[in-house]
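Residue-level listing of the chains:
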Amino acid sequence: QVQFVESGGGLVQPGGSLKISCTASGNIFQYTLGWYRLAPGKERESIAIITSGGGITNYVDSVKGRFTIARDNGKNTVYLQMNSLKSEDTAVYYCNIVPPYGPGPWGQGTQVTVSS
């Protein structure tokens, strides 16, 4: 099974930007991938997806216009550029294959904290 390693999280002030990355242990070019997040007291939610070729993306309303998902299949890596960050974006962020072929095993995630 494909394993994912997320990185790039940190502490950022409200209104700031951050770019996080997720690298897979194997080939992922054939899969639609997604970024998910898990906030305290909430269930894990899917926030952005990108098709195998990168031609189609979709976002949950709460991040639309602020976050951008991208992928580099040659590097087995998916990215999430986050702009205009809000305190409610504070969460652990994960990437994975989206259904029906996923999700597979979850990585350790990367913590994003938005606070002044």
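Residues numbered from 1 in each chain as written. Predicted model: local features only at pLDDT ≥ 70, side-chain atom pairs only at ≥ 80, totals over all residues. Heavy atoms only, no water.

Q: Tell me about the nonpolar core, and name the residues and values.
A: Formed by 28 residues in total, the largest nonpolar core has its most connected members in F4, W35, L80, M82 and Y93. Discounting residues that sit within four places of it in the chain, Y93 has contacts with E6, I20, W35, Y36, R37, I47, F67, L80, M82, G109, T110 and V112. (Core = buried A, V, L, I, M, F, W, Y, C linked by side-chain atoms within 4.5 Å. Buried < 20%, exposed > 50% of the residue type's maximum accessible area, 1.4 Å probe, protein only. Contact = heavy atoms within 4.5 Å.)

Q: Describe the state of the cysteines, and please don't skip the residues or the numbers.
A: Tallied over the full model, the rule gives 1 disulfide. Here C22 engages in a disulfide with C95; their sulfurs sit 1.6 Å apart. Linking C22 in strand β3 (residues 18-24) with C95 in strand β9 (residues 91-97), this pair joins segments that are 73 residues apart in sequence. Of the residues examined, C22 reaches a relative accessible area of 1% and is grouped as buried. (Disulfide = S-S within 2.5 Å. Helix = DSSP H or I, 4+ residues; strand = E, 2+ residues; numbered from the N terminus.)

Q: Go over the environment of S52, please, and point to the residues and values.
A: As for its placement among the helices and strands, S52 is situated in the loop between β5 (45-50) and β6 (57-59). Between the C-alpha atoms of S52 and Q3, which are 49 residues apart in sequence, the distance is 17 Å. Non-local contacts of S52, meaning those with residues more than four positions away in its chain, are made with F29, Q30, Y31, T32, R71 and N73.

Q: With reference to specific residues and values, describe the sheet that holds strand β8 (residues 77-82).
A: Read from one edge to the other, the open sheet built from 4 strands follows the order β1-β3-β8-β7, with strand pairing classed as antiparallel. The open sheet is flanked by β1 (4-7) and β7 (67-72), the only strands paired with a single partner. Taken pair by pair, the neighbouring strands of this sheet meet at an average axis angle of 15 degrees, ignoring direction. Pairing of β1 with β3, which is carried by 4 bridges, proceeds in the antiparallel orientation. Counterpart to F4 in the pairing with β3 is A24. (Pairing = 2+ DSSP bridges. Axes fitted to C-alpha atoms, helices over the stretch in contact; angles between N-to-C directions.)

Q: Pulling in residues and values, what's your account of the packing of aromatic side chains?
A: With the rule as written, the count across this model stands at 3 aromatic pairs. Residues Y31 and Y101 carry aromatic rings whose centres are separated by 6.2 Å and whose planes lie at 55 degrees to one another, so their mutual orientation is tilted. Of this pair, Y31 sits in the loop between β3 and β4 (33-38) while Y101 sits in the loop between β9 and β10 (110-114), and the two are 70 residues apart along the sequence. By relative accessible area, Y101 is classed as exposed at 66%. Site record: aromatic cluster; members linked through ring pairs are Y36, Y94 and W106. Over the aromatic face of Y79 sits the side chain of K19, whose NZ or CZ is 4.7 Å from the ring centroid. Against the face of W106 rests R44, its NZ or CZ located 3.8 Å from the ring centre. (Phe/Tyr/Trp six-rings, centres within 6.5 Å; stacked < 30°, edge-to-face > 60°. Lys NZ or Arg CZ within 6 Å of the ring centre and 35° of its normal.)

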